[in-house]
Amino acid sequence: AEISAMCYDLQKFEEPRYIYDAGIDCIGYPVMDGYRYDVLHGYRTAFAYLKHSPRKSQARLCRALQLRLPCGQFSYATNIKPECILGVSGTLESLGDYEWWVMGGYGLTTYSLLPSVYGPSQLKFLNQSGGNAITVANSREDYHLAITNEVKRMVRQNRAAIVFFKDTKELEQYLATGYQRQVGHVGEIRERQTSAEKEHIIKKAATSGQVTLTTAMFGRGTDFICNDDELLAAGGVHVVQTFVASSLSEERQIQGPCFLNARAVGSES
């Protein structure tokens, strides 16, 4: 059975998405808003390591290529069968078919909506004043230029802009244009950064005149807290979503709920 599993993983080793960090000679998998290097996906991690590592140290090879005999599996949700399940989410109003399918598997058929502890949302999207809520570009050059012009417009108003790209590739393509040098103070939140580096940039993101470039991964579970009175007086944080979200819940996460204490927030897609 393990030989069969190994052969299967050889065909699928590029899934799920991973990165190879040459500095520490390890394969990392995305977990929340970063990468973990102590996560294994069967034999796929070993094959990914063999593909990328130029060093292939003997110790790592021995550890990576050993047979992994399963001793059992345990699921809290399946085995404990609790009488009550409590959870909190900012996207309950935008659940998709998949989310309902998962919930149905645990007997969850209804939910309740409670007011946010942060007060009423001040998100302005389709009803925002000035600018375009939705922009469609005819070319990649126009696309990058539109992002830059929108960010520059926010900076002139002493607001902060956070730009979400679909993935690292899209972010790198934008950076290659050099347009980011036109918009002033720019910070980047990257998946490979340390927790301390990410925390430092996240804290600065919601300050007057600050521009932050990042990817969709940080649209979920990242708290951009605004305590800048000058920024709030100018209109708050402006979100530029540069891609079409895969689901309504993803769009909701990126557009508003992650901006805590921000009394005024604008968004553009």
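Now for a quick tour of the structure. Note that this is a predicted model, so its numbers are computed, not measured.

**A look at the side chain of Thr 148**
Inspection of the secondary structure assignment puts Thr 148 in helix H6 (residues 140-156). The exposure class of Thr 148 is buried, given its relative accessible area of 0%. There is a polar contact of 2.8 Å between the side chain of Thr 148 and the side chain of Tyr 174. Setting aside residues up to four positions removed in sequence, Thr 148 forms contacts with Tyr 174, Tyr 179, Gln 182 and Val 183.

**Observations regarding unusual backbone geometry**
Note that the residue after Glu 15, namely Pro 16, is joined by a cis bond; omega there is -5°. Relative to the helices and strands, Pro 16 resides in the loop between helix H1 (2-11) and strand S1 (19-21). Positive phi, close to 55°, is recorded for Asp 25, a residue that is not glycine. The residue Asp 25 is located in the loop between S1 and strand S2 (26-31) in this model. Phi is positive for Asn 158, which is not a glycine, with a value near 65°. Following the sequence through the fold, Asn 158 ends up in the loop between H6 and strand S5 (160-165). For Asn 158, a relative accessible area of 39% translates into the label partly exposed.

**Here's the deal with the sheet that holds strand S3 (residues 34-36)**
Pairing in this open sheet of three strands is antiparallel, and the strands run S1-S2-S3 from one edge to the other. What marks the edges here is a single partner per strand, and that holds for S1 and S3. Direction aside, the axes of adjacent strands within the sheet are offset by 50° on average. Alignment of S2 against S3, held across three bridges, turns out to be antiparallel. Each bridged residue has a counterpart across the sheet, and for Val 31 the counterpart in S3 is Gly 34.

**Examining the pattern of salt bridges**
According to the stated counting rule, one finds nine salt bridges in the structure shown. We note a salt bridge from Glu 14 to Lys 51, for which the minimum N-O separation is 2.8 Å. Within this pair, whereas Glu 14 is found in the loop between H1 and S1, its partner Lys 51 is found in helix H2 (residues 44-52), the two being separated by 37 residues in sequence. On the basis of relative accessible area, Glu 14 is assigned to the partly exposed category, the value being 47%. The class of Lys 51 is partly exposed, set by a relative accessible area of 48%. Taking the shortest distance from any N to any O, the salt bridge between Glu 150 and Arg 153 comes out at 2.7 Å. Here the residue Glu 150 and the residue Arg 153 both occupy positions in helix H6, the gap between them amounting to three residues, near one helical turn.

Cut-offs and rules
Residues numbered from 1 in each chain as written. Predicted model: local features only at pLDDT ≥ 70, side-chain atom pairs only at ≥ 80, totals over all residues. Heavy atoms only, no water. Helix = DSSP H or I, 4+ residues; strand = E, 2+ residues; numbered from the N terminus. Buried < 20%, exposed > 50% of the residue type's maximum accessible area, 1.4 Å probe, protein only. Polar contact = N/O pair within 3.5 Å; in protein donor to acceptor, adjacent residues only side chain to side chain. Contact = heavy atoms within 4.5 Å. Pairing = 2+ DSSP bridges. Axes fitted to C-alpha atoms, helices over the stretch in contact; angles between N-to-C directions. Salt bridge = Lys/Arg side-chain N within 4 Å of Asp/Glu carboxyl O.

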